[in-house]
Amino acid sequence: MDLARFPRRRYTPGPTPLERMPHLSGQVRRDLWIKRDDLLGLAGGGNKTRKLEFLVADALAKGADTLITVGAPQSNHCRLTLAAAVREGLKCRLILEERVAGSYAAQATGNNLLFDLMGVENIRVMPAGSDLAAAMAEEAEAVRALGRVPYAIAGGGSVPLGTLGYVACAQEILAQSLDAGVAFDRVVVASGSAGTHAGLLVGLNAASWDGAVTGINVRRPQAEQEGNVHTLCVQTAAMLRTAPPERHAVTCLDRWVGPGYSLPTPEMAAAVRTAARTEGVLLDPVYTGKAFAGLLGLIETGEIEPGERVLFVHTGGSPALHAYADQLR
Ligand SMILES: *Cc1c(COP(=O)(O)O)cnc(C)c1O
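Residue positions are given per chain, counted from 1 along the sequence in the order it is written. Given that this is a predicted model, residues contribute local features only at a pLDDT of at least 70 and side-chain atom pairs are listed and counted only at 80 or more, while totals for whole chains, interfaces and linings are drawn from all residues. Heavy atoms from the whole structure form the basis of all side-chain values; hydrogens and water molecules are not counted.

As annotated in an unreviewed UniProt entry, the protein chain carries the name D-cysteine desulfhydrase and comes from Glacieibacterium frigidum. In its Cofactor (unreviewed entry) section, the UniProt record describing the protein chain reads: "pyridoxal 5'-phosphate". UniProt positions are given in the numbering used here, feature names are shortened, and annotations may be inferred rather than shown by experiment. Database annotation for the protein chain, UniProt heading Sequence similarities (unreviewed entry): "Belongs to the ACC deaminase/D-cysteine desulfhydrase family."

In structure tokens form, the structure reads like this:
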């Protein structure tokens, strides 16, 4: 398996920090570590930066001058795709899906403000359940009609090429774990469009890593999400000519989704506050707040046992915090 065969842009100067959470570890009697992918490069950091390194390299190789992608009204993926476009001198168009009815507000802060600041070329707002693939195709056609070259990026960048970003992250984690002298028993990560979870699984499995990856869902029921993650693992492993993880290695817990995608839960709000007050780490309400609530919940039930060494992958999202102020007070 050789990731270097794939063209890649670099948006982060080196590895992200892997840090121990000393205060919280003492409180919960588990050895808790955090992979600071909230500190990745491009505007505001977060996991989509790793995927975009491979996706944008592909777009450039194909002569594209305009990136098109899709996400929710406060999408971190849209913010980072736009930031990558600006960095590369490309234009960017966004399709925003109102997964919660009426959730788009032109004057909203958070990522929405950043779309405007970074000069998005066009925003199209669609109701939940719209045919997003068709909307992307229409947008691409509109770009072509201007004599330009579009490149469409799937939601969350979760296609095999984007997933390579998290195969690379798995390799980075293993090197840092060796360096720090700590062998992790478990990795906990938010599981959304599935690329982050799948990439970590493929990379760790290919290295014969001996631990569990626990995905915490932010949107879908367990069986559906596990199927999505496993399918993407199989496709990504095929691209790398390595063996995919087995289906039983894919765990996606849906106990912390609450009423739905991006809708607040008391456990999320408590987890965001706990991380902020014990370690000075800013999570987000939509992804990492719920994932961290899952981590704390699994400790409370004993499913994560005393003494376990656990790595939480912080996938970012704090630029959206202010847009959810009412849900966090
Ligand atoms: C997109 C996102 C996730 C989920 O990652 P997927 O690869 O879509 O599963 C987690 N955290 C943050 C902050 C995100 O923006």
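Here the focus is the packing of aromatic side chains. Between rings of Phe, Tyr and Trp, where Trp is taken as its six-membered ring, a pair exists when centres lie within 6.5 Å; planes separated by under 30 degrees are stacked, by over 60 edge-to-face, and by other angles tilted. Under the defined criterion, the tally for this structure stands at 3 aromatic pairs. Between Tyr 261 and Tyr 287, the ring centres sit 5.9 Å apart and the planes meet at 70°, which makes this aromatic pair edge-to-face. Taken together, the positions of Tyr 261 in the loop between strand 9 (251–253) and helix 9 (266–279) and Tyr 287 in the loop between helix 9 and helix 10 (288–300) put the pair 26 residues apart, joining distant regions of the chain. Think of it in three bands: with a 1.4 Å probe and only protein chains considered, a residue is buried below 20% of the maximum accessible area for its type, exposed above 50%, and partly exposed in between. Judged by its relative accessible area of 11%, Tyr 261 falls in the buried class. Centre to centre, the rings of Phe 292 and Phe 312 are 5.0 Å apart; their planes meet at 80°, and the pair counts as edge-to-face. One end of the pair, Phe 292, is in helix 10; the other, Phe 312, is in strand 10 (residues 309–314), with 20 residues separating them in the sequence. According to the relative accessible area criterion, Phe 312 is buried, its value standing at 0%. Each helix corresponds to a stretch of at least 4 residues labelled H or I by DSSP, and each strand to a stretch of at least 2 residues labelled E; elements are numbered beginning at the N terminus.

A word on the sheet that holds strand 4 (residues 91–98). Here, a strand pair is defined by DSSP locating no fewer than two bridges between the strands. Pairing is parallel in the open sheet, where 4 strands are placed in the order 5-4-3-6. Edge strands, defined here as strands with exactly one partner in the open sheet, are strand 5 (122–127) and strand 6 (150–153). The sheet shows a mean angle of 20° between the axes of neighbouring strands, taken without regard to direction. As judged from the 6 bridges shared by strand 4 and strand 5, these two strands associate in the parallel manner. The partner of Glu 98 across the bridge, within strand 5, is Pro 127. Contact between two residues is taken to exist if any of their heavy atoms lie within 4.5 Å; hydrogens are not considered. Note on definitions: angles span 0 to 180 degrees between N-to-C directions of axes, and those axes are lines fitted to C-alpha atoms, for helices only across the stretch in contact. Along the sheet face, helix 2 (residues 48–61) touches strand 3 (66–71) and strand 6 and points at about 155° away from the line of strand 6.

The working definition used for a salt bridge is a side-chain nitrogen of Lys or Arg within 4 Å of a carboxyl oxygen of Asp or Glu. The tally for this structure, following the rule as stated, stands at 24 salt bridges. We note a salt bridge from Glu 224 to Arg 220, for which the minimum N-O separation is 3.6 Å. Via salt bridges that share partners, Asp 65, Arg 93, Glu 121, Arg 124, Glu 138, Glu 139 and Arg 148 belong to a single interconnected network.

Here we come to the domain arrangement of the protein chain. Throughout the structure description, domain borders are defined by an automatic or database domain assignment. Domain annotation of the protein chain identifies domain 1 (3–46 + 159–328) and domain 2 (48–157). The gap between the C-alpha centroids of domain 1 and domain 2 is 24 Å. Counting residues at the interface gives 41 residues for domain 1, matched by 34 residues for domain 2. When two components associate, each loses some accessible surface as probed by a 1.4 Å sphere; the sum of these losses over both components is called the buried area. In this assembly, domain 1 packs against domain 2 so that about 3,000 Å² is buried in total across both faces, 59% of it on carbon and sulfur atoms. Contact with domain 2 buries surface across domain 1, with Arg 9, Tyr 11 and Leu 42 losing the most and accounting together for 21% of the total. The interface formed by domain 1 and domain 2 holds 6 salt bridges in total. Notably, a salt bridge pairs Arg 8 with Glu 53, separated by 2.9 Å at the nearest N-O pair. Any pair of N or O atoms that falls within 3.5 Å is considered a polar contact. Within protein, one atom must be able to donate a hydrogen and the other to accept it, and sequence-neighbouring residues count only if both atoms are side-chain atoms. In this structure, the connection of domain 1 to domain 2 is made through 16 residue pairs in polar contact (both at pLDDT 80 or more).

Moving on, we get to the nonpolar core. In terms of nonpolar packing, the biggest core is built from 57 residues, with Leu 52, Leu 67, Tyr 151, Val 187, Leu 200 and Val 229 touching the most fellow members. Here this core takes 8 residues from helix 6 (residues 160–180), the largest share from any one element. What Leu 52 contacts, discounting residues up to four positions off in sequence, is Tyr 11, Leu 42, Ala 57, Leu 80, Thr 81, Ala 84 and Ile 153. Within the second largest apolar cluster, 35 residues are counted, among which are Ile 34, Ile 216, Val 218 and Trp 256. Remark: nonpolar core denotes a set of buried residues (Ala, Val, Leu, Ile, Met, Phe, Trp, Tyr, Cys) joined through side-chain atoms within 4.5 Å.

Let us now look at the environment of Lys 48. Mapped onto the secondary structure, Lys 48 falls in helix 2. Considering only alpha carbons, one finds Lys 48 and Asn 76, 28 residues apart in sequence, at a separation of 7.5 Å.

To continue, consider the site of the ligand. Contacts to the ligand come from 16 residues, most closely from Lys 48, Lys 51, Ser 193, Thr 196 and Thr 315. In the model, an oxygen atom of the ligand is placed 2.5 Å from a nitrogen or oxygen of the Ser 193 side chain. Note that accessible areas follow from Shrake-Rupley with a 1.4 Å probe, and for residues the cover is restricted to the protein chains shown. In isolation the ligand offers 380 Å² of accessible surface; the protein chains occlude 98% of this area. Most atoms of the ligand, that is more than half of them, are within 2 Å of grid points of the largest pocket. Residue assignment for the shell around the ligand shows that the elements contributing at least two residues are helix 2, strand 7 (186–191) and helix 7 (195–206). Two domains share the shell around the ligand, each providing at least three of its residues, namely domain 1 (3–46 + 159–328) and domain 2 (48–157). Summary of the distance rule: residues count as near a molecule or strand when at least one heavy atom falls within 4 Å of that molecule or strand. Computed over the protein atoms alone on a 1 Å grid, cavities are sets of points where a 1.4 Å probe fits but cannot get out and pockets are open sets with protein on both sides within 12 Å along at least five of seven lines; a residue lines them when it has an atom within 4 Å of a point. By definition, a pocket or cavity contains a molecule when more than half of the molecule's atoms lie within 2 Å of the pocket's grid points.

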